[in-house]
Amino acid sequence: MNDAYWERIGPSVGTRRPRADAPSDAPRLSLNGDWRFRLSPTTAGTGEEFLADDVDDAQWDAIAVPSHWVLEEITPLAGGPARSLRGDAEGPLYTNTALPIPLDPPRVPHENPTGDYRLAFDVPEGFGTHAVLRFRGVDSCAKAWLNGHELGHWTGSRLPAEFDVTVRPGRNVLCVRVHRWSIGTYLEDQDQWWLPGIFRDVDLLARPAAAIDDHHVHADFDPATGLGTLRVDVSVGDGSAARIAVPELSLDLDAGETASVPVHPWSADAPRLYRGTLSTRDETIELAIGFRRIEIADGVLLANGRPLRFRGVNRHEHHPRTGRTLDRATMVRDIELMKQHNIDAVRTSHYPPHPEFLSLCDEYGLWVVDECDLETHGFIYAGWQGNPPDEPEWYPMLAERLERMVHRDKNHPSVVMWSMANESGAGRGFEVLRESILSIDGSRPILYERDPSYRDSDLYAVMYPSLEALELIGRGDEPRPDGVSDDDDARRRTLPFVLVEYAHAMGNGPGSLQDYERIFDAHPRLSGGFIWEWIDHGFDRPDLPGERVMHGGDVDGYRPNGGRYCLDGLLFADRTPSPALAEVAKAFEPVRLTIDGGDLVLRNQRHARDTADLRVTCTLDRDGERLAQAELPMPAALAGGESRCALPTFDTEAAQGGEVWLTVEARTRDDAPWAAAGHVVAWAQHRMPDLELPAAPARAAPPPARTVTRRPSGDDGIALGGALFDRDSGRLLELGGAPVEGPWLDLFRAPTENDRGQGGRNDLAAVWTAVGLDRLVHRTERVTLTGESLEVVTRTGAAAHPHRVEHTASWRAIDGGLELTMRVEFKGPWSPTPHRARDIVVPRLGSRWRLPAGYTRVEWFGHGPGETYVDSIEGSRVGRYAADIDDLAVPYPTPQENGNRSRTRWLALEGLGVPALRIEGAPLIDVTARRHTSEQLADARSPLELRDSGHVWLNLDQRQQGLGSASVGPALPEQYRVPLEPAEWTIRLLA
Ligand code: IPT
């Protein structure tokens, strides 16, 4: 039996001292590729016989390294079908805060899937015999042997482990035993999939005599003098000399020697890197030097003397097929998408990423908060009793994790802050961890969010505050957390603030991004924040074609499972942007364009860069038709500065009538590594009031309405304006010869995940169904026809409940169709009664219509092209758009309200065998069109369950509530809710 090293509290055994990960010219042998693999359900019986050189592994499987064994096809070498553990209780598991094993440290269950890996490889002639064996990531605990000789064992899944080894020329055999559960599990309880295996690269690095053991680049920038100061500390295996060359700066230095020269500083928007080399007689390491200084002065976080504001996202490593095994192209894609959407910062939630990602951040320009692989969230289920950061026995093990991160990543200019952990409670151990960082690197602030004393953090930080709470923090008026001493409270008030997580992007959402930006803008103490989160952690479903993702809830046999909390990204799992990303791009614009009288004003909010790389253009459109366009002679503005230029004078004659909009755009002049020339960085739209004439009822531009095919007669019902109404219900039955039915008063929407909140007071959707908004019934009180008008009075309510809505539909025949005004009043007890503690809330105030299935296309004038909601509309533009009805929907992996087009002026519907229909808001309506009802959408568990009902359902609404981010964040702000007040709206139906 083994010594149960996987249950040992303590640092790695046998590994070499941690050091910087850097590209070197010393020979390197990648050990990635096909390995032999044998999976055992437990640790028992996994003896050491597999270490022998000549083990017969013919009955083993083949597996790719790097990979997670739970996501791979495991192929028997002896033949037979490949196996997959996906969807299996032994396969990928997802929990949010819960541990997947009993909370009983240091023990882990006997059922501990264990993978034995074997690789025979040839060491080429001339490679030498001294080498370092480097594992960049093994989840969660491993022991390694080379040629039968035990090297050591370690945990720290997303941290490197290196061993000094002696190899022999020719054949060598490497054996690695990997346990799914270990002592490390207690420290890696992040909200993500549990994915064991050797999931990052394995390399053999030749170590010649004068090999560089480690190096530390100190590259400071002094904003007062513009001087960069460089010193590279080096340790060389045999103590021989090392030199640093930076030809571009004419620098040729000894190790440890300091030089100051004028430089361009590094920043996320101007990521100036100076390429250089660090050489001994036997090895050369490539240096990518970025000069910059991160400091805190007067309670403000500064980079190079200027306030540092994060427009950031939390990024987990995720790929829908390979999990946390990411190739370089995927990392580049993440960065391109971030840069294209004005994201300039990443919190590496919640572990150090593959080191290549940080090199790419240096190069493309992203501020990085590097977070250690440490989260003890599961101890919350023991009331934080025994929490490792508060138990001295654990400190050396925790400190080693910090040291491995800091040493590996210390030379990256993009890394501007160390985050010690996520969600790990409070504890005296953080003081020890802080010291262990400072003993290596004192040049970056240290962050820890969860300890209310903030004693060991250089910044104050929280997650998911309300707008009001953030405002108080901005002003320095935040309430004092419970149990915090006077000294700690006073100290915290002097600290800059960073919002480590906000705007929970689960399902449809988040809303309010612009609101957060406005608060950040107003308070220097606030250094911005990081949206939760970048990408959905969903997996492809090869077993279910058409189903895009597998989520936590799919692992039915496993309890607990974290459900769908793993699907809360701005990108869908396949990296298709969700509509929220357009909203992010707008909220994070680093350049703001505004109209001031006859001038266009450009405010440059970039950190360092002027705007000489941008050109500014403008267009003038009337009702979505281009009238004019021009390039504007906008002078460049310095970072933090402003420039302006006069707007051109347009031919106002041509612009008369309709809605005239001026659109201005700042586009890149040249190709950048992350976007081709012409990429829009910022834009603004301005409605031209001077040019506006009173809106005419029917306008020239939209498609012609078809003539009525059959004029209904009074025998079939009530005939009005070429349409037919039901005598009893007063409802429209037919328009333009087609069965167009409605309106039904509608107050429901398929709950979004943000509508459900986290239960409790924020669960709005629970209120809707409790009071029957999803099962409204209607009673027509009165149908009165007077000449060319029809008035229909209706009461709408739900079984068992006394509250109701009374509404009047007033119809009037107009040229080409009908005009309808809906008047709504909320009657009865909508506020708390003795039986009900809470106010009733409604998500929509609207009307529902049933149209024949033949309608397929929609064209509209209003906001677009994507979906919009009242708190998520600033990223859309007013214009004229067209789409297939089926493409208006957004296929959220969890079905929920989607596809709304807010503030629509008109829409035109057409299809085969149905009359063209035109609907106008007078002036504005919210519109959704889909082939199922809101109730059917609410009932579906997956997009595959959504059926075509055989009709097109159209919602024409006065208002719909916003999105918010209450699934983890604060309650939906009052201003984005639907007030229960008398309301009125008008639409025109033309056929
Ligand atoms: C916060 C976690 O840090 C993050 O990993 C994720 O789980 C997020 O919540 C929800 O998706 S912690 C929570 C207590 C706010």
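What you are looking at is a predicted structure, and each value in this text was computed from that prediction instead of being measured.

A. A look at the overall build of the protein chain. When you go through the protein chain residue by residue, the secondary structure sums to ten helices and 56 strands. In terms of overall size, the protein chain behaves like a compact globule, its C-alpha atoms giving a radius of gyration of 32 Å where 991 residues would be expected to give roughly 30 Å. Referenced to the eigenvectors of the C-alpha coordinate spread, the extents of the protein chain come out at roughly 105 × 65 × 60 Å. Expressed as a percentage of its 991 residues, the buried residues of the protein chain come to 60%. Across the protein chain, contacts joining residues at least 24 apart in sequence account for 73% of those joining residues at least 6 apart.

B. Representation of the pattern of salt bridges within the structure. Counted by the stated rule, this structure contains 93 salt bridges. Residues Asp-746 and Arg-844 are paired through a salt bridge, measuring 2.8 Å at the closest nitrogen-oxygen approach. Here Asp-746, found in strand β45 (residues 741–746), pairs with Arg-844, found in strand β50 (residues 844–852); they are 98 residues apart in sequence, far enough to count as distant. Take Asp-746 and Arg-844: they sit in the same class, and that class is buried. Close ionic contact of Glu-859 with Arg-880 constitutes a salt bridge, the shortest N to O distance being 2.7 Å. Residue Glu-859 is found in strand β51 (residues 855–864), and its partner Arg-880 is found in strand β52 (residues 877–884); the two are separated by 21 residues along the sequence. Assessed through its relative accessible area of 23%, Arg-880 is described here as partly exposed.

C. Seen up close, the state of the cysteines. Counted according to the given criterion, the structure contains zero disulfides. Counting only cysteine sulfurs, Cys-645 is the nearest neighbor of Cys-618, a cysteine outside any disulfide, at a range of 8.4 Å.

D. Quick peek at the nonpolar core. Counting residues in hydrophobic clusters, the biggest one holds 126 residues, and the most contacted among them are Trp-35 and Leu-204. Of all the elements, helix α3 (residues 395–409) adds the most residues to this core, at six residues. Contact partners of Trp-35, with chain neighbours within four places excluded, come to Asp-61, Ala-62, Ile-63, Val-65, Tyr-117, Arg-118, Leu-119, Leu-174, Val-176, Ile-198 and Val-202.

E. Here's a closer look at the environment of Phe-826. Mapped onto the elements, Phe-826 comes out in strand β49 (residues 817–827). A relative accessible area of 14% means that Phe-826 is categorised as buried. Along the sequence, Phe-826 and His-803 sit 23 residues apart, while their C-alpha atoms lie 7.6 Å from each other. Contacts of Phe-826, omitting those with residues within four sequence positions, involve Arg-804, Val-805, Leu-845, Pro-979, Leu-980 and Glu-981.

F. Region of the structure containing the environment of Ala-26. Locating Ala-26 in the fold gives a position in the segment before β1 (28–30). Residue Ala-26 is classed as buried on the basis of its relative accessible area, which comes to 8%. C-alpha of Ala-26 to C-alpha of Ala-206: the two residues are 180 residues apart in sequence and 5.9 Å apart in space. Every residue in contact with Ala-26, bar those within four places of it in the chain, is listed here: Ala-206, Arg-207, Pro-208 and Glu-283.

G. Region of the structure containing the packing of helix α7 (residues 513–522) against helix α8 (residues 580–587). Between α7 and α8, the least distance of the axes is 9 Å, while the angle of their chain directions is 20°. As summarised for this structure, α7 and α8 are arranged roughly parallel, according to the angle between their axes. Crossing of α7 against α8: the hand is right-handed. Residue-level contacts link Leu-513, Gln-514 and Glu-517 of α7 to Glu-583, Val-584, Lys-586 and Ala-587 of α8. Among the residues making up the contact of α7 with α8, the classes are represented as three nonpolar, one polar and three charged.

H. Quick look at the pairing of strand β55 (residues 951–960). Counting buried positions over the ten residues of β55 gives seven, a clear majority of the element. Two elements, β50 and β55, share nine bridges in a ladder whose sense is antiparallel. Within β55, the residue paired with Trp-849 across the bridge is Leu-954. Judged from the five bridges that link them, strand β54 (residues 914–930) and β55 form a sheet pairing that is antiparallel. Looking at β55, one finds that Arg-930 is bridged to Trp-953.

I. How the structure looks around the sheet that holds strand β26 (residues 306–307). Strand order in the open sheet made by the three strands is β24-β25-β26, with antiparallel pairing throughout. The open sheet terminates on both sides in strands that have one partner only, identified here as β24 (294–297) and β26. With two bridges connecting them, strand β25 (residues 300–303) and β26 associate as antiparallel partners. Bridge pairing in β26 places Leu-302 opposite Pro-307.

J. Highlighting helix α1 (residues 328–340). Along its 13 residues, α1 runs 18 Å from first to last C-alpha, staying within 8% of the 18 Å computed at 1.5 Å per residue. Of the positions making up α1, those classed as buried are Thr-330, Met-331, Val-332, Asp-334, Ile-335, Glu-336, Leu-337, Met-338 and Lys-339. Contact partners of the buried residues in α1: β27 (310–314), β28 (345–347) and α2 (355–364). Where α1 terminates, the next one or two residues include Asn-342, which has phi positive at roughly 65°.

K. How the structure looks around the site of the ligand. Inspection of the region around the ligand gives 13 residues, with Asp-191, His-350, Asn-422, Glu-501 and His-504 positioned closest. One of the side-chain N or O atoms of Asp-191 is found 2.5 Å from an oxygen atom in the ligand. For the ligand, an oxygen atom lies 2.7 Å from a polar atom in the side chain of His-504. Classifying every residue of the shell around the ligand gives four nonpolar, five polar and four charged.

L. View of the sheet that holds strand β21 (residues 258–262). The strand order β17-β18-β21 describes an open sheet built from three strands, whose pairing is antiparallel. With one partner strand each, in any of the chains shown, β17 (212–222) and β21 form the two edges of the open sheet. Strand-to-strand twist in this sheet, taken as the mean axis angle between neighbours without regard to direction, amounts to 20°. For β17 and strand β18 (residues 227–236), the ladder comprises ten bridges, and the chain directions are antiparallel. In the strand pairing of β18, Asp-222 is matched with Leu-227.

M. How the structure looks around unusual backbone geometry. In this chain, Pro-105 is followed by Pro-106 through a cis amide linkage whose omega measures 5°. Topologically, Pro-106 is positioned in the loop between β6 (93–95) and β7 (114–123). The omega torsion across Trp-532 and Glu-533 is -5°, close enough to zero to call that bond cis. Look at Asn-304: it is not a glycine, yet its phi comes out positive at around 50°. As for its placement among the helices and strands, Asn-304 is situated in the loop between β25 and β26.

N. View of the side chain of His-803. Mapping His-803 onto the fold places it in the loop between β47 (789–798) and β48 (804–814). Of the residues examined, His-803 reaches a relative accessible area of 3% and is grouped as buried. One polar contact links the side chain of His-803 to the main-chain carbonyl oxygen of Val-771, over a distance of 3.3 Å.

O. Local environment of the packing of aromatic side chains. Evaluation of the coordinates by the stated rule reveals 27 aromatic pairs. Taking the centre distance of 5.6 Å and the plane angle of 70° together, the rings of Tyr-274 and Phe-291 count as edge-to-face. You can see Tyr-274 sitting in strand β22 (residues 274–279) and its partner Phe-291 sitting in the loop between β23 (284–289) and β24, a full 17 residues away along the chain. Considered together, Tyr-274 and Phe-291 belong to a single accessibility category, that of buried residues. Chaining the aromatic ring pairs together yields one cluster made of Trp-35, Phe-37, Trp-69 and Tyr-117. The ring of Tyr-460 carries the charged tip of Arg-492 above its face, separated from the ring centre by 5.0 Å. Here the basic side chain of Arg-905 rests over the ring of Phe-861, its NZ or CZ set 5.9 Å away from the ring centre.

Thresholds applied
- Residues numbered from 1 in each chain as written.
- Predicted model: local features only at pLDDT ≥ 70, side-chain atom pairs only at ≥ 80, totals over all residues.
- Heavy atoms only, no water.
- Helix = DSSP H or I, 4+ residues; strand = E, 2+ residues; numbered from the N terminus.
- Rg over C-alpha atoms; globule rule 2.2 N^0.38 Å.
- Buried < 20%, exposed > 50% of the residue type's maximum accessible area, 1.4 Å probe, protein only.
- Contact = heavy atoms within 4.5 Å.
- Salt bridge = Lys/Arg side-chain N within 4 Å of Asp/Glu carboxyl O.
- Disulfide = S-S within 2.5 Å.
- Core = buried A, V, L, I, M, F, W, Y, C linked by side-chain atoms within 4.5 Å.
- Axes fitted to C-alpha atoms, helices over the stretch in contact; angles between N-to-C directions.
- Parallel < 35°, antiparallel > 145°, perpendicular 65-115°, else oblique.
- Left-handed = near helix turned anticlockwise from the far one by under 90°.
- Nonpolar A, V, L, I, M, F, W, Y, C, P; charged D, E, K, R; others polar.
- Pairing = 2+ DSSP bridges.
- Expected span 1.5 Å × (residues − 1).
- Near = heavy atom within 4 Å.
- Polar contact = N/O pair within 3.5 Å; in protein donor to acceptor, adjacent residues only side chain to side chain.
- Phe/Tyr/Trp six-rings, centres within 6.5 Å; stacked < 30°, edge-to-face > 60°.
- Lys NZ or Arg CZ within 6 Å of the ring centre and 35° of its normal.

Any functional reading would require information beyond the geometric quantities listed.
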